[in-house]
Every structure is written in C-alpha cells, then in structure tokens.
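A closer look at the structure
Listed below, chain by chain, are the residues.
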Amino acid sequence: MKIIVIGGTGLIGSKIVTKLLASGYEAVAASRSSGVDTVTCRGLAEVLAGASVVIDVSNPPTFDGAAALEFFETSTRNLLSAEAAAGVRHHVALSVVGTERLSESGYMRAKFAQEKLIKDNSIPYSIVHATQFFESIQKLAGLATDGSTVRVPPVLVQPIAGDDVASMLCSVSVDAPLNATIEVAGPEQFRADDLARRRLMARNDSRKVVPDPRARFFGAEVDERSLLPGADARLSQTRFDAWLSRSVERAYGTLRPPREERGGQVGPLM
Ligand SMILES: NC(=O)c1ccc[n+]([C@@H]2O[C@H](COP(=O)([O-])OP(=O)(O)OC[C@H]3O[C@@H](n4cnc5c(N)ncnc54)[C@H](OP(=O)(O)O)[C@@H]3O)[C@@H](O)[C@H]2O)c1
C-alpha cells in the first residue's frame, strides 16, 4: 500500500512516515522541501501516481486567518482533484478539536473550510480532530506573549503527545475510510495556564504565565470546555509529565533539572 504524507517533513508528518515505514508500508513524505507543492501543484501528480492513501498533515507557513484560508482551500482543492485523477481511495486529514465552535478564529475557519471540502468530495475520507500537541505548547505560549508575560485563558485542555497523534493517524489511514470525523486526545485534563507554566519552567524560560479570562485562543474567545473533546474521543496513553521528563532529558543530556522544573509537584486537575 503506497501512502503519501502531505506535510511529511513537519512535526506530525515526519513521525507518521517513520512509523509507517517501520511497519512495512511504502510511505512517501511530500512537501515543498521534497519538491511537492500542493498550492502550485508542483510535483503533485507525480508523487500521487500509484498511491492508495493520502494523509494530509500540512500547515501554512503563517497562522494569519486570511492566509490560512487561502492555503487550506487551494491546497485541499488541488489535492482532492489530483487524488481523483490518480485513483486514491482514502483521504485522511488532521484537524483540531472544536473547529466548529471556534469560528471567531480565522485559522479555525480555515480548518473548517478544509474539512467541508473533504466532506463534499466523492473521495472516501477520515478526518481526525486532535487536541493541542504537547510539542506545540511552547509555540502557543509564544503566540500569547506580550513582553515577558504570557496571557493564557484558564480553560480546560486535554493535550496529546505528537507521537500518539501520529500512531492514531497511521492506524486510521490503513483501515477502511470512516467517512466521518473522530476525535483524539490525551489522557489528562489541565488548566491551560498551568500547562503553559509547567512547559516554560521545564525550559528555564523566565516568562510569567498569567491566567487571563479575556485572553483568546487563536483569536477566538473560549469558555471552560471549548477546547475539550467529546465523550467518544479516543484517548492516548502518554502522560504529560512522562513526555516532559523525556523532552528535558533530550534537551539537557544527562543533566536533569530539579523536580519542580520538570513539573513533578503539580498533578493534573482531573
Ligand atoms: N499544533 C497543534 O497543537 C495541532 C492540534 C491539532 C491539529 N493540528 C493540525 O496538525 C496539522 C499538522 O501540524 P504540524 O504542527 O505537524 O505542522 P508543521 O510541523 O508546521 O508542518 C507543516 C508541513 O506542511 C508542509 N507544507 C507547508 N506548505 C506546503 C505546501 N504548499 N505544499 C506541501 N507541503 C507544505 C511543510 O513542509 P515544507 O515547508 O517543506 O513545505 C511541513 O511538512 C495541521 O494541519 C494542524 O492544523 C495541530
């Protein structure tokens, strides 16, 4: 089975390619750096020749709403039409838990538009909605930074390890298309400000995380449960503390920072 991973050089895409190859599938990473551009169609027909499945985990270079909408609409249209021509039988896409509730955000509207194009197309599909990745907490803190302060809405989140997202996408992609959306999330809930604080502390980042009920998430107002998955979500195994310890060990070599920097003192809320 030949599986093309659009965005296969990115955070999740590279993990998917590694896992599929390790399981014996013919997986190909496709992105601009490998000569495939889904916006201009460069290299698209060539890479899709003989493919059965396409997993789209691409992301635009900017989170700006208008640019993201242009990216996801153009890229998804091009991709679906090239897939139809190549006889692809399953289109898998990664999106975000709560896109339908976060329409104040330009980026989330762009993801919603991507999903609508997929659902309205005749190619069988599976859409996977994931919660925030552990690996993205640092980047999200960056988007919320004002000087040396990080303003985060103190709402509930249920983040997930990138490795677990990749594993779930791999198993979805080699199964029959769902023609539906499923949700995946991590095993624990946190307050978003607490999570950000623990991530920054583990990196010796001195920015101060302030809970701010008026702070927005990607430009959208969020309430206590806007970012949480529903009751039917598939839950992964990796806990945040275990992931954090491993990521700190990788960053520091064998030198481990004190326990409190690894977030070891504060338990999850639920
Ligand atoms: N971060 C989160 O917490 C989170 C949560 C839920 C869902 N998601 C979704 O997960 C998906 C993947 O996120 P990620 O963090 O893994 O993304 P990422 O690391 O930013 O990777 C994006 C990938 O897209 C490729 N790309 C960009 N423009 C392209 C183009 N014109 N043609 C082909 N490839 C292109 C990039 O490679 P080149 O630069 O080489 O083209 C790269 O491989 C996104 O769709 C996002 O909405 C993210």
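Attention here is on the structure that accompanies the text. Just so we're clear, the structure is a prediction, and the values are computed from it rather than from any experiment. (Residues numbered from 1 in each chain as written. Predicted model: local features only at pLDDT ≥ 70, side-chain atom pairs only at ≥ 80, totals over all residues. Heavy atoms only, no water.)

1. Thoughts on the sheet that holds strand β6 (residues 145–146)
- Strands sit in the order β6-β7-β11 across an open sheet of three strands; the sheet is mixed. The strands lining the two open edges of the sheet, one partner per strand, are β6 and β11 (208–211).
- Pairing of β6 with strand β7 (residues 149–152), which is carried by two bridges, proceeds in the antiparallel orientation. By the bridge assignment for β7, T145 is matched with V150.
- On the sheet, helix α7 (residues 192–202) packs against β7 and β11 and is oriented at approximately 175° with respect to β11. (Pairing = 2+ DSSP bridges. Helix = DSSP H or I, 4+ residues; strand = E, 2+ residues; numbered from the N terminus. Contact = heavy atoms within 4.5 Å. Axes fitted to C-alpha atoms, helices over the stretch in contact; angles between N-to-C directions.)

2. What about the nonpolar core?
- Ranked by internal contacts, the top residues of the largest apolar core, which has 31 residues, are L102, L227 and F240.
- For this core, the secondary structure elements donating two or more residues are α3 (65–86), α4 (106–120), α5 (137–143), β7, α7 and α8 (240–252).
- Looking at this core, the element that brings in the most residues is α7, giving five residues.
- Every residue in contact with F240, bar those within four places of it in the chain, is listed here: F134, I137, E188, F190, L195, R198 and R199.
- Judged by nonpolar contacts, the second largest core, of 24 residues, contains V17, V53, V128 and F133. (Core = buried A, V, L, I, M, F, W, Y, C linked by side-chain atoms within 4.5 Å. Buried < 20%, exposed > 50% of the residue type's maximum accessible area, 1.4 Å probe, protein only.)

3. With respect to the site of the ligand
- Among the 26 residues in the neighbourhood of the ligand, the closest are listed as T9, R32, S33, Y107 and K111.
- The backbone of G10 places a nitrogen or oxygen atom 2.9 Å from an oxygen atom of the ligand.
- At a separation of 3.0 Å, a nitrogen atom of the ligand approaches a polar backbone atom of T38.
- Within the complex, 87% of the 920 Å² of free accessible area of the ligand lies under protein.
- Of all the secondary structure elements, the ones that give two or more residues to the shell around the ligand are α1 (11–22), β4 (90–96) and α4. (Near = heavy atom within 4 Å. Polar contact = N/O pair within 3.5 Å; in protein donor to acceptor, adjacent residues only side chain to side chain. Areas by Shrake-Rupley, 256 points an atom, 1.4 Å probe, with all protein chains shown as cover.)

4. Observations concerning the layout of surface pockets
- A volume near 1000 Å³ is recorded for the largest pocket.
- In this structure, the largest pocket is lined by 42 residues; those nearest its centre are V57, S58, N59, P60 and Y107.
- Of all the secondary structure elements, the ones that give two or more residues to the lining of the largest pocket are α1, α3, β4, α4 and α5.
- Quantified by volume, the second largest pocket comes out at close to 350 Å³.
- Considering the residues around the second largest pocket, the lining is formed by 19 residues, among which L140, A144, V152, P153 and F217 are closest to the centre.
- Taken together, the elements giving at least two residues each to the lining of the second largest pocket come down to α5, β7 and α7. (1 Å grid on protein atoms, 1.4 Å probe; cavity = no way out; pocket = protein on both sides within 12 Å on 5 of 7 lines; lining within 4 Å. Points joined across faces, edges and corners; volume = space filled by probe spheres on them.)

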